[in-house]
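# Residue-level structural notes
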Amino acid sequence: MHPLQTLIMTADFFGRNFAHNLEFFSDEQLSFTPAPTALCALEITSAAAANLLNMKAALTGGQFGSVAVETPASRAKAQELIVCASTGYADWLKGLDGSDFDESVNLGFVTMSRGQCMMIPVIDLVHHHGQIAYIQTILGDTESHFHAVRMQGITS
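Okay, so let's go over this structure. (Residues numbered from 1 in each chain as written. Predicted model: local features only at pLDDT ≥ 70, side-chain atom pairs only at ≥ 80, totals over all residues. Heavy atoms only, no water.)

### A few points about the packing of aromatic side chains
On inspection of all chains with the given rule, the structure shows three aromatic pairs. The interplanar angle of 70° and the centroid separation of 5.5 Å between the aromatic rings of F64 and F109 together place this pair among those described as edge-to-face. Here F64, found in the loop between α2 (41-59) and α3 (75-94), pairs with F109, found in the loop between β1 (104-106) and β2 (111-113); they are 45 residues apart in sequence, far enough to count as distant. Using a relative accessible area of 26% as the deciding quantity, one classes F64 as partly exposed. A relative accessible area of 59% means that F109 is categorised as exposed. For the pair Y89 and W92, a centre-to-centre distance of 5.5 Å together with 50° between the ring planes defines the contact as tilted. Of this pair, Y89 and W92 both sit in helix α3, three residues apart, roughly one helical turn. Across the pair, W92 and Y89 agree in class, each one buried. (Phe/Tyr/Trp six-rings, centres within 6.5 Å; stacked < 30°, edge-to-face > 60°. Helix = DSSP H or I, 4+ residues; strand = E, 2+ residues; numbered from the N terminus. Buried < 20%, exposed > 50% of the residue type's maximum accessible area, 1.4 Å probe, protein only.)

### A word on the side chain of D124
For D124, the position within the fold is in helix α4 (residues 114-138). There is no salt bridge for the buried D124, and the closest opposite charge comes from K56, which lies 16 Å off by N-O distance. Residue contacts for D124: discarding those within four places in its chain leaves A47, A48 and N51. (Lys, Arg positive; Asp, Glu negative; His and termini not counted. Salt bridge = Lys/Arg side-chain N within 4 Å of Asp/Glu carboxyl O. Contact = heavy atoms within 4.5 Å.)

### Things to note about the packing of α2 against α3
Where α2 meets α3, the axes come as close as 9 Å, and the angle between the chain directions of the two elements is 25°. Taken as axis vectors, α2 and α3 run roughly parallel relative to one another. In the packing of α2 onto α3, the handedness of the crossing is left-handed. Listed contacts from α3 to L42, T45, S46, A48, A49, L52, L53, M55, K56 and L59 of α2 are R75, A78, L81, I82, A85, S86, G88, Y89 and W92. Taken together, the residues of the contact of α2 with α3 break down into 13 nonpolar, four polar and two charged. (Axes fitted to C-alpha atoms, helices over the stretch in contact; angles between N-to-C directions. Parallel < 35°, antiparallel > 145°, perpendicular 65-115°, else oblique. Left-handed = near helix turned anticlockwise from the far one by under 90°. Nonpolar A, V, L, I, M, F, W, Y, C, P; charged D, E, K, R; others polar.)

All quantities given are derived from atomic positions and should not be read as evidence of function.
Printed below as a string of structure tokens:
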């Protein structure tokens, strides 16, 4: 098993499930914010994707914050953005061997080990997924929606 298998599967599943949950918003609800300073579902999607894309950039020789991500204008664009960002990050993780996980990385706002840096955008993706579920609940959707996923021969 790949040393990062759990992180890879988490990035892949939560990105796809995030996109799946956007199906349960009406077009009007995609712009709903639960408070004046809160983000709507489309903005949350952009924030989650930006963290994945920017951490990958920082860990491959670029700078964190160098990848600009616009707020998607539609559900389809939001779904495409989050799936591409999360599966792209998961695929990138598959190519790592772990030999440099202890190396320090300066992100511009904090210095951490490469291994710690790799976890942050996936944890952030799970956090933003929770925000989407919270907004769904506020809007009256009390069901849990899980994207069917196939992992190591098991369908759930």
